[in-house]
Amino acid sequence: MNYERVILHADLNSFFATAEQQANPALRGKPVGVVKGRGRTCIIAASIEAKRRGVMTGARVSDAKRLCPEIILIPADFTKYEHISRRFIKICASYSPACEVFSIDECFLDVTETEHLFGNVFNIAFDLKQRLAKEVGDYLTCSVGVSHNKFLAKLASNQIKPDGLFWITEDNMIEVLDKSKLMDVCGLGFGLFRHLEKLGIGDFAKLRSCSLEFLHKNFGPYWSLHLYNICRGTDKSPIVAVCDIADAKSVGRTYTTHRLL
């Protein structure tokens, strides 16, 4: 690569649901929905088979059953998921000390200085996939994205699922961006997205046509620069390695209700 950095993003596919299928072979090949507990109304993870039937993470259980009457609902087992996650992270960290745990099922790796030890970044990607199946679980897969920054690497990992490998280069970057949805971009919430839509900005191409002055006027100093950069594939955010993360000052917790409010 003719870039300063070589970034890899590994994302476990349909993690909670696939973890349940890994633990219980009777669930493999069947549509599975994970809920926080019995009687809960929200699907927090859907298996690949359920997704093919239109059931997505965040769907209401009633909608999931309408789309896929045979869906199997499983209460979440976070201890199980944490155990698998730690083994996955350990594999990722073996390729570079610059390993950022982005979430329980995602890691960023800066392999700029270490890829030569494994041949190249694609050898790392294939080896990671093989070790995941061999050392953690043969039913678990991950999609891997490769690019020269974190934003594009994460976007790349989303291109082919499950078990994909995709490289975003200077040559295909604009094409991939313009085929992607703005809401696919990490960090763009619904409020910001609605504001963009009200201004007639519905895709990356339209966003790229906006001047920095226009964006600053409508989104302020931080988001204007962020939006201006991402639609051009620019991202200078560093890899925050596990050892560099400060101690947490608070604990966050999410809730789903038993009924719609």
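Everything that follows concerns the structure shown earlier in this document.
Everything numeric here is computed off the predicted structure, so don't read it as measured data.

Cut-off values and rules
- Residues numbered from 1 in each chain as written.
- Predicted model: local features only at pLDDT ≥ 70, side-chain atom pairs only at ≥ 80, totals over all residues.
- Heavy atoms only, no water.
- Pairing = 2+ DSSP bridges.
- Helix = DSSP H or I, 4+ residues; strand = E, 2+ residues; numbered from the N terminus.
- Axes fitted to C-alpha atoms, helices over the stretch in contact; angles between N-to-C directions.
- Core = buried A, V, L, I, M, F, W, Y, C linked by side-chain atoms within 4.5 Å.
- Buried < 20%, exposed > 50% of the residue type's maximum accessible area, 1.4 Å probe, protein only.
- Contact = heavy atoms within 4.5 Å.
- Parallel < 35°, antiparallel > 145°, perpendicular 65-115°, else oblique.
- Nonpolar A, V, L, I, M, F, W, Y, C, P; charged D, E, K, R; others polar.

*Asks:* What's the story with the sheet that holds strand S1 (residues 7-12) in this structure? I'm lost.
*Replies:* The pairing of strands in a sheet comes from backbone hydrogen bonds and takes either a parallel or an antiparallel form. Spatial ordering of the open sheet is given by S5-S6-S1-S7-S8, a layout of five strands whose pairing is mixed. Sheet topology places strand S5 (99-103) and strand S8 (165-167) at the edges, where each strand pairs with a single neighbour. Taken pair by pair, the neighbouring strands of this sheet meet at an average axis angle of 15°, ignoring direction. Pairing of S1 with strand S6 (residues 106-110) involves five bridges; the strand directions are antiparallel.

*Asks:* Explain the nonpolar core here, please?
*Replies:* Taken as a class, soluble globular proteins show a tendency for nonpolar side chains to be buried jointly. By size, the foremost hydrophobic cluster in this structure holds 36 residues, and its most contacted members are Leu 8, Val 34, Phe 88, Cys 92, Leu 109 and Leu 128. Elements with a minimum of two residues in this core: S1, helix H1 (15-23), strand S2 (32-35), helix H4 (78-93), S6, helix H5 (121-136) and strand S7 (142-147). Beyond its immediate stretch of four places on either side in the chain, Val 34 contacts Phe 16, Ala 17, Glu 20, Cys 42, Ile 43, Ile 44, Ala 45, Ile 74, Pro 75, Ala 76 and Tyr 81. Within the second largest apolar cluster, 23 residues are counted, among which are Phe 204, Cys 210, Leu 227 and Ile 230.

*Asks:* What's the story with the environment of Leu 199 in this structure? I'm lost.
*Replies:* One can find Leu 199 in the loop between helix H8 (190-198) and helix H9 (204-208). Given the relative accessible area of 29%, Leu 199 is considered partly exposed. Along the sequence, Leu 199 and Asn 218 sit 19 residues apart, while their C-alpha atoms lie 9.0 Å from each other. Discounting residues that sit within four places of it in the chain, Leu 199 has contacts with Phe 214, Asn 218 and Phe 219.

*Asks:* What should I look at first to understand the packing of H1 against H4 in this one?
*Replies:* Packed helices, taken two at a time, are described by the angle their axes make and the gap between the axes. One can describe the packing of H1 onto H4 by two numbers: an axis separation of 10 Å at closest approach and a directional angle of 95°. Taken together, the axes of H1 and H4 lie roughly perpendicular to each other. The segment H1 lies against H4, with Phe 15, Phe 16, Ala 19, Glu 20 and Ala 23 engaging Phe 78, Lys 80, Tyr 81, Ile 84 and Ser 85. Of the residues in the contact of H1 with H4, the class split is seven nonpolar, one polar and two charged.

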